Every structure is written in structure tokens, then in C-alpha cells.
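Topology and contacts: notes
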Amino acid sequence: MVAVAILAAGRGTRMKSALPKVLHSLGGRTLVERVLQSCFSISPTRCLVIVGYQSDQVKTAMQSVPELEFVEQTEQLGTGHAIQQLLPHLEGFTGDLLVLNGDVPLLKPDTLKQLVQTHQENQNAATILTAILPNPQGYGRVFCDSQNIIKQIVEDRDCTEAQKQNRRINAGVYCFRWPDLAQVLPLLQANNDQQEYYLTDIVNHLEPVMAVDVTDYEEILGINDRQQLATAYEILQRRVKSEWMAAGVTLIDPASITIDDTVQLQPDVIIEPQTHLRGNTVIQSGCRIGPGSLIENSQLDENVTVLYSVITDSIIHAGTQIGPYAHLRGHAEVGTGCRVGNFVELKNSKLGSKTNVAHLSYLGDATLGERVNIGAGTITANYDGVKKHPTRIGDRSKTGSGNVFVAPVTLGADVTVAAGSVVTEDVPDDCLVIARARQVVKPGWRLKSKGVGEQGGPETPSPS
Ligand code: UD1
Ligand code: CA
């Protein structure tokens, strides 16, 4: 039986931010969400999150996660003080408690599993994840005997010069036998540089406390400032990209590409340079994305190509070509085998299969049938200043260049619209619609200022 406690009450002063540190985003997810995600692998029986600084904001951000218990630490007097707040909540609990710092977002689930396993097999009072870092600056240093039994943990700021030479650090991940911990928690004292109650001082009261070194020290990076946030992003990106390449995705110039770890890709997807894939994006086999594209929360079926375009919250069906320079947003849905081309914006619009919008157009709140062709420079005037209105265009209809559809308006199937038309009324099936002023040509007409007669007409010499 393992319960989890996540320390998320601190302000994170070193971030220099109005936002609580644990709510800073790393590749599309907050730090604390990532910590939570890493511990689900051990199927905790309970999950307690210790909140304090702007606790309402932290709770709101996590409200979608089921069965979290929030514990308030109204004053942030240190990590030990934070864990002391659990005492009334875990009364009578006899299992182990896994404690995670809310700012250690890159832990691999297996690492936590192994920590708990080692803890239980050795019947330790506590087991602490440690690492040997090339640059241990800023972390608490862990001092062990030859059997990996921890004798002391000293925070960086409390270390003597000699102690600072120790490169073995505390990762901020602990497994405790809860009844033992509960007994000694009240013994902590704030005798240190920060006058805080350090959880790490607990090693002076429990026995045995074992250190377990993590093999890949990148996992345990703690985020205290923006520099470390950027480093964590780099590590995450390296991980995500090598996993996708191993799974059969081609990345051309990976360093210029970013992929959130929430994105799903199929084999034989090709990602070109300067492309960014974010959120809940799913891209199927045979797609070629980029160069220079941003895809967010969108679904791309097989063999879609996207060139220099931005697609958010949209669905593109198989074999469709997007771009260059298209912008799809607000739940656009494009059918199979379509072309959405140069400087076209689609918002909340649906295109049937084999429909083309090739040049310089805006379609908002529009529903187009199959095999529709939209002429260059077509606009749906969907907004009357108060409300949005729909435009419907039936199968096989062809609109002209420079059309405006003043919504709400519906065109049937097989309609042809003359170039330059402003369509304000519905059009039935099989019609030609011409909605523009007829051209007037006045022969022999010149401007008066150029010495032209009253009604135009031939130039008459003025009397001198
Ligand atoms: C802590 C450890 C250090 C370790 C490092 C690993 C202590 C005393 N030190 O240092 O040994 O090497 O993590 O990353 O534990 N928090 C609260 N309430 C508080 C104070 C902090 O909930 O009163 C939370 C913070 O929100 C944060 C976590 O505890 O998520 C760690 O606090 P932080 O101040 O970042 O500790 P470090 O100095 O990094
Ligand atoms: Ca920290």
C-alpha cells in the first residue's frame, strides 16, 4: 500500500514569477501535472497534494484529475513542515508514503517503481533517490556509509567548502514507512540558514535510510529558475524526438523541430524543419508536415501535406494538401483529397471531399459540400457585428473570383457564381447567379478637370 504526497506549496521565488512555480508549463503540461503523471505507475492508493502559495490557482489547475486530496500548508516553513501537515490526514495509515517535490518533472515511472521496490525489499525506514551530478550546485548533498546508508543530508547553502565537493545529491524523491515517519516528524527543527523545517533532516531520526542512485541523472533535474526550465525542455525534447525516430518517424533537422509529448505520430510521418507539433495532435502515416508549420490539437489523417501553415483545433482528412500559408482554426474540418492553398483562412468551417479553396480566401462558419471550387479572393461575411451566421454551399458548386457571401446564406448544388458577386440571398440548385452591377461604358468620356465638356463628350476648346 503506497500513498503519494506531492510538495507544491512553495512560491518558487527564483522563478521571479506571479505564477506559482509548479504551474509553469513544460512542453504543454504543468510541472505538477508531470510529477503526478510519473507516479501513476505505482498505482497509489491515495494522492495528496500539499498546496499553499496561491493554493486556489493550483487547485483549479488540477481539478480535472480525479481523487486528488489537497492539504493546505498556510505558511511555507519548509519541506519538513509541509509533510508535517499530512499528520491529521494520514492518521492510522500503515503503508508507505512516496514523497515527490512538485518541481521535479522528468522522473521516469520505472525509477519510482524501483525506488518503492528497493524500499520494501530492504524493509528500510526510508529510501531516498540520489544522483551523482557533474555539477551538484544548488542541491542538498547526501553523505552515506559504504553500504549506501545515509548519515546526513546538507543543503547547498549550509555546506562547508569541503562538503560541497560531494557530488552525490538528494533528488527530492523519498519513500517512507509512514508510521515511522509520523512518529519523528514533530522532532524536526529549523536550525539552518533559511530557518526552515527541512524534510531532509529526517535522516537524523530514522534508521535505516538508504540511498538509491538514479542511472540517468537528467531525470531528477529540479526546476528552480527559468534556466532550469529551459534545460528541462531540452531534455524532454531530446527524449520525445528519439522515441519518435525509433518508432519510424523522419525528422529533418530535429534541432529545429519541437514536439509536445502529448502528440501521437504514426510510422512514415515526415516532419520538415521549423515545424512545431503541440497538444493533442494526432498525425497518421504518410503525412508530410512543414517546413515552417505549427499544428496544435489537431487530427491529420493519412497522406496529408502541410506547407508553411498554422492548424489549430482542426481535422484534416486523408490526402488533403494544406498551404503554403494557410490558417485553419476553430474546429475546421477538411474532407479527403481537398486543397486549401495560399493565404486561405478557415474558421469553424467544414469542407466536403475533393473541395478546393486555393487562393486568398476567408471561410468562417461555412459548410461546403463535395467537389466545390471556391474562386480566388472569396469571403464569407459571417459576422454582422453582433452574431456569427452560417454560409452553406452545395456539392459541385463553383464560386467566382472576388465573391462575398453575406451570411446567413445558402447556395444549392451545382450553382455557379459570377466573379465579383456579393451574394445576399439564397440560391437554389442548378443556377447561375450574378450579383453585381452591370458594367457601364460611356464612349468618348473624359474628366472635366482635363478640360472636358459638361456631359463628357468630345473636348471643346474653351474661349480665351
Ligand atoms: C530540495 C531539497 C534538496 C534537494 C532538492 C531537489 C529540502 C530541504 N531540500 O531543495 O535537498 O536536493 O529539493 O530538487 O527539502 N515546498 C513546499 N512547502 C514549503 C517549501 C517547499 O511545499 O514550505 C515545495 C516546493 O513547492 C517545491 C518543493 O517543496 O515543489 C521543493 O522546494 P524547494 O524550495 O524547491 O527546495 P530546494 O531548495 O530545491
Ligand atoms: Ca527545488
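Structural data are supplied above this passage.
Reading the values: rules and limits
Residues numbered from 1 in each chain as written. Chains lettered and ligands numbered in written order. Predicted model: local features only at pLDDT ≥ 70, side-chain atom pairs only at ≥ 80, totals over all residues. Heavy atoms only, no water. 1 Å grid on protein atoms, 1.4 Å probe; cavity = no way out; pocket = protein on both sides within 12 Å on 5 of 7 lines; lining within 4 Å. Points joined across faces, edges and corners; volume = space filled by probe spheres on them. Helix = DSSP H or I, 4+ residues; strand = E, 2+ residues; numbered from the N terminus. Nonpolar A, V, L, I, M, F, W, Y, C, P; charged D, E, K, R; others polar. Pairing = 2+ DSSP bridges. Phe/Tyr/Trp six-rings, centres within 6.5 Å; stacked < 30°, edge-to-face > 60°. Buried < 20%, exposed > 50% of the residue type's maximum accessible area, 1.4 Å probe, protein only. Salt bridge = Lys/Arg side-chain N within 4 Å of Asp/Glu carboxyl O. Donors = N, O, S within 2.8 Å, 3.2 Å for Na, K, Ca; no water. Near = heavy atom within 4 Å. Polar contact = N/O pair within 3.5 Å; in protein donor to acceptor, adjacent residues only side chain to side chain. Sits in = over half its atoms within 2 Å of the grid points.

Attention now moves to the layout of surface pockets. When its volume is computed, the largest pocket comes out at roughly 1,200 Å³. Taken together, 39 residues line the largest pocket, and the ones lying closest to its centre are R14, K21, T79, D103 and N224. When residues in the lining of the largest pocket are grouped by element, the largest group, 4 residues, is from strand β10 (residues 168-177). Residues belonging to the lining of the largest pocket are distributed by class as follows: 12 nonpolar, 19 polar and 8 charged. Counted as a void, the second largest pocket has a volume near 350 Å³. Along the wall of the second largest pocket there are 16 residues; nearest its centre are R34, Q37, L236, R239 and D261. For the lining of the second largest pocket, the secondary structure elements donating two or more residues are α1 (31-39) and α7 (226-246).

We now examine the sheet that holds strand β14 (residues 264-265). Overall, parallel pairing links the 9 strands, which are arranged β14-β17-β20-β23-β26-β28-β30-β33-β35 in an open sheet. This sheet does not close on itself; its edge strands, each paired only once, are β14 and β35 (409-411). Note: strand β33 (residues 391-393) against β35, 3 bridges, orientation parallel. Within β35, the position partnered with T391 by the bridge is V409.

Here a ring pair, both rings aromatic, is described through the centre-centre distance and the interplanar angle of the planes. Across all of its chains, the model carries 3 aromatic pairs by this definition. On the basis of an interplanar angle of 15° and a centroid distance of 5.6 Å, the ring pair of Y308 and Y325 is categorised as stacked. Residue Y308 is located in the loop between β21 (305-306) and β22 (310-312), and its partner Y325 is located in the loop between β24 (321-322) and β25 (326-329); the two are separated by 17 residues in the primary sequence. Residue Y325 is classed as partly exposed on the basis of its relative accessible area of 42%.

Now for the pairing of strand β9 (residues 150-154). Sheet analysis places strand β8 (residues 141-144) next to β9, joined by 4 bridges and oriented antiparallel. Looking across to β9, one finds that F143 is bridged to Q152.

Following the criterion strictly, the structure yields 15 salt bridges and no others. With a closest N to O distance of 2.8 Å, D213 and R168 form a salt bridge. Here D213 is found in strand β11 (residues 209-213), whereas its partner R168 is found in strand β10, with 45 residues between them in sequence. Classification of R168 as buried rests on a relative accessible area of 13%. Among the ionic pairs, R288 bridges to E272, the shortest N-O distance being 2.8 Å. Residue R288 is found in strand β18 (residues 288-289), and its partner E272 is found in the loop between β15 (270-271) and β16 (276-278); the two are separated by 16 residues along the sequence.

To continue, consider the coordination of the calcium ion (ligand 2). Coordination of the calcium ion (ligand 2) by the protein comes from D103 (OD) and N224 (OD1), over a distance range of 2.3 to 2.4 Å. Separated by 121 residues along the polypeptide, D103 in the loop between β6 (96-101) and α4 (109-121) and N224 in the loop between β11 and α7 bring together distant segments of the chain. Both residues of the pair, D103 and N224, count as buried.

If you check the shell around ligand 1, you find 24 residues, and the closest are L7, Q73, T79, E155 and N170. Between G10 and ligand 1, the recorded distance is 2.9 Å, taken from a backbone N or O atom to an oxygen atom. Here G78 contributes a backbone N or O atom positioned 2.8 Å from an oxygen atom of ligand 1. The site holding ligand 1 turns out to be the largest pocket. Mapped by element, the contributors of at least two residues to the shell around ligand 1 are β1 (2-8), α3 (79-84) and β10.

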